[in-house]
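# A closer look at the structure
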Amino acid sequence: MHTPFLQPQHPLCCWLFCTVIDNYGDIGVSWRLAQILSRELGWHVHLWLDDEQSLAPLAPPLPALPAIHQSVFLHRWRAGAEAEDLSDTPAPDVVIETFACDLPQAVLDIIRTQRALWLNWEYLSAEDWARAMHAKPSPQTNGVQKYFWLMGFSETDGGLLREKNFDSLSAITDMPSLRRQLMLPPKNLPEWLLFGYQSTAWARWLTMWLQHGEAMRLLIPAEPVLCSLREAGIIPPNALLQSGDTYILGKLELHRLPFLPQHDFDRLLALCDGLIVRGEDSFVRAQFSGKPFFWHIYPQEEQAHHEKLHAFWLLSHRHFEEPVITAHRQLSDDLNGVIELSEHERLFAWQTLCRQQQSWRNAAESWRNYLFSQNSATERLANFVADKLK
Ligand code: TRH
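Structure report, in brief.

The rules behind these values
Residues numbered from 1 in each chain as written. Predicted model: local features only at pLDDT ≥ 70, side-chain atom pairs only at ≥ 80, totals over all residues. Heavy atoms only, no water. Helix = DSSP H or I, 4+ residues; strand = E, 2+ residues; numbered from the N terminus. Contact = heavy atoms within 4.5 Å. Polar contact = N/O pair within 3.5 Å; in protein donor to acceptor, adjacent residues only side chain to side chain. Near = heavy atom within 4 Å. Areas by Shrake-Rupley, 256 points an atom, 1.4 Å probe, with all protein chains shown as cover. Nonpolar A, V, L, I, M, F, W, Y, C, P; charged D, E, K, R; others polar. Domains from an automatic or database assignment. Salt bridge = Lys/Arg side-chain N within 4 Å of Asp/Glu carboxyl O. Buried < 20%, exposed > 50% of the residue type's maximum accessible area, 1.4 Å probe, protein only. Expected span 1.5 Å × (residues − 1). Phe/Tyr/Trp six-rings, centres within 6.5 Å; stacked < 30°, edge-to-face > 60°. Axes fitted to C-alpha atoms, helices over the stretch in contact; angles between N-to-C directions. Parallel < 35°, antiparallel > 145°, perpendicular 65-115°, else oblique. Pairing = 2+ DSSP bridges.

## A closer look at the environment of R32
Secondary-structure assignment places R32 in helix α1 (residues 25-41). The sequence separation of R32 and H69 amounts to 37 residues, and the corresponding C-alpha distance is 13 Å. Other than its neighbours up to four places away in sequence, R32 contacts L161, E163, Q262, D266, D281 and R285. Side-chain polar atoms of R32 contact the side chain of E163, separated by 2.8 Å.

## Digging into the site of the ligand
Around the ligand there are 23 residues in total, and D22, Y197, L260, D281 and S282 lie nearest to it. The separation between an oxygen atom of the ligand and a polar main-chain atom of G25 is 2.8 Å. Backbone polar atom of E280 to an oxygen atom of the ligand: 2.8 Å apart, as the coordinates give it. When the ligand sits alone it has 720 Å² of accessible area, and the protein chains cover 98% of it. When contributions to the shell around the ligand are tallied by element, the ones reaching two or more residues are α1, α8 (262-271) and α9 (281-289). Counting residues per element, the shell around the ligand draws most heavily on α1, which supplies three residues. Class assignment for the residues of the shell around the ligand results in twelve nonpolar, six polar and five charged. Mapping the shell around the ligand onto the domain boundaries places at least three of its residues in each of domain 1 (13-160 + 374-389) and domain 2 (166-372).

## What to know about the pattern of salt bridges
Taken as a whole and assessed by the stated rule, the structure comprises 24 salt bridges. The salt bridge involving D157 is made with R380; its shortest N-O contact spans 3.4 Å. On the criterion of sequence distance, the pair formed by D157 in the loop between β9 (145-149) and α4 (166-170) and R380 in helix α14 (residues 377-388) is long-range, its members being 223 residues apart. Grouping residues by exposure puts D157 and R380 together as buried. A salt bridge links R217 to E191; the nearest nitrogen and oxygen atoms lie 2.6 Å apart. In this pair, R217 is assigned in strand β11 (residues 216-220) and E191 in strand β10 (residues 191-194), connecting sequence segments 26 residues apart. What you see here is one network of salt bridges that share partners, running through R179, K187, E191, R217, E253 and D273.

## Some words on α1
Helical periodicity: at 3.6 residues per turn, an α-helix aligns residues three or four positions apart in one direction. Counted at 1.5 Å a residue, the expected span for α1 with its 17 residues is 24 Å, and the 23 Å between its end C-alpha atoms agrees. In terms of residue burial, α1 counts as a mostly covered element, since 15 of its 17 residues are buried. Of the residues trailing α1, G42 is marked for its positive phi of about 75°.

## Examining the packing of aromatic side chains
Scanning all chains against the criterion turns up 34 aromatic pairs. Plain terms: the ring middles of Y147 and F384 are 5.5 Å apart, the flat faces sit at 80° to each other, and that makes the pair edge-to-face. With Y147 in strand β9 and F384 in helix α14, this residue pair connects regions lying 237 residues apart in the sequence. Look at Y147 and you get buried, because its relative accessible area is 13%.

## Concerning the packing of helix α6 (residues 201-212) against helix α7 (residues 223-231)
Packed helices, taken two at a time, are described by the angle between their axes plus the distance between the axes. Where α6 contacts α7, the axes come no closer than 8 Å and their chain directions differ by 80°. The angle between the axes of α6 and α7 places the two elements in the roughly perpendicular class. Of the residues in α7, those in contact with W202, A203 and L206 of α6 are V225, S228 and L229. When its residues are assigned to classes, the contact of α6 with α7 shows five nonpolar, one polar and no charged.

## Quick word on the pairing of strand β12 (residues 246-249)
Pairing geometry for β12 and strand β13 (residues 252-256), over four bridges, is antiparallel. Bridge pairing in β13 links Y247 to L254.

## What to know about the sheet that holds β13
As summarised here, the arrangement of the six strands in space is β12-β13-β11-β10-β14-β15, forming an open sheet in which the pairing is mixed. Two strands in the sheet have a free side with no partner beyond their single neighbour: β12 and β15 (293-296). Taking each pair of neighbouring strands and ignoring which way they run, the sheet shows an average axis angle of 20°. Relative to β11, β10 runs parallel, the two sharing three bridges. When the sheet's bridge partners are listed, W192 is paired in β11 with L218. Strands β14 (274-278) and β15 of the sheet are contacted by α9, whose axis makes an angle of about 155° with β14.

Here's what the structure looks like:
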């Protein structure tokens, strides 16, 4: 159920700090959050980055820092050590550290003296503990409370980052030009996006698709999947090195995609018939697309990601029917190394999903509609901040 969100009398100033661990997820979530806070809530957003090069492919062309870029003020910092431009930046009403990054002492002092609202924007999880921790305060050594913000999939957690104009962001108004941007030929085959991590599972899944025997175009935007296929000897070392390259394997057409700016990413998902996504942000966007998808989850120590994977699908599978649930769960576990199916089991599960593809599509749409019936993360945040700062 949507509840209206509260607008403050004057634009709030928000300081946002991001540490890039690896890949595009940390910066991808921080950038999306910064953009929505600025464009939709009208906040003045200052984002400190420790690795601006990771933002460059998501938001080109990136100017030299400090700079205002696409309505966000960008600055440099080194986690735990120093943040540039502090004295030239208006004092914050709200400070958000994404994924528990380590703020420098000068910033901690400003939070205390300004009595800024301080949040730790955590990784997304469907697990019960995440819902229980959401919006809970944790007292810090500088005498200030820090609140946990835990995004999630229900009414009682931190919600998901979703733009008000999601429909126009994802709408394909000019298909030929989008396909040109993606260096793709005209559509004549079912197309699946493969955006995942390095894994031996890719070779097994290619074998599965070859055995299935139906023509498919596999769209591959990043190196890890290709590295895995080269290492397994499925494709030669010199295949698919450049964007736009194609490699034919039986009835499969493998296509190397260029990396798109983040505001075009939803259109790529909308163009596909099915998706394999990873990490956090692409995982959420796949859900918003309403397309059949698998989640290649970010691997954690001691296989902690297996529980996270299962917690999500347990929730989402409530919108699915048998036999799609069983086939989908088996393949998801196989892709993520929870189990290893035999060739026969894997093929059988895929064929089940193909036979039931309408049911699978309906389930994906139903899950999307359930998510869209809720307030977004930033609508919830606006209410939380209005309440805490009153
Ligand atoms: O890149 P990711 O794997 O990122 C992460 C990090 O590894 C992080 O450390 C980890 O904690 C986290 O996952 C769970 O996956 P993610 O989150 O999906 O981020 C990818 C971003 O890249 C997302 O914002 C979409 C964007 N993107 C584009 O903008 N254009 C593209 O062409 C592609 C393929 C992706």
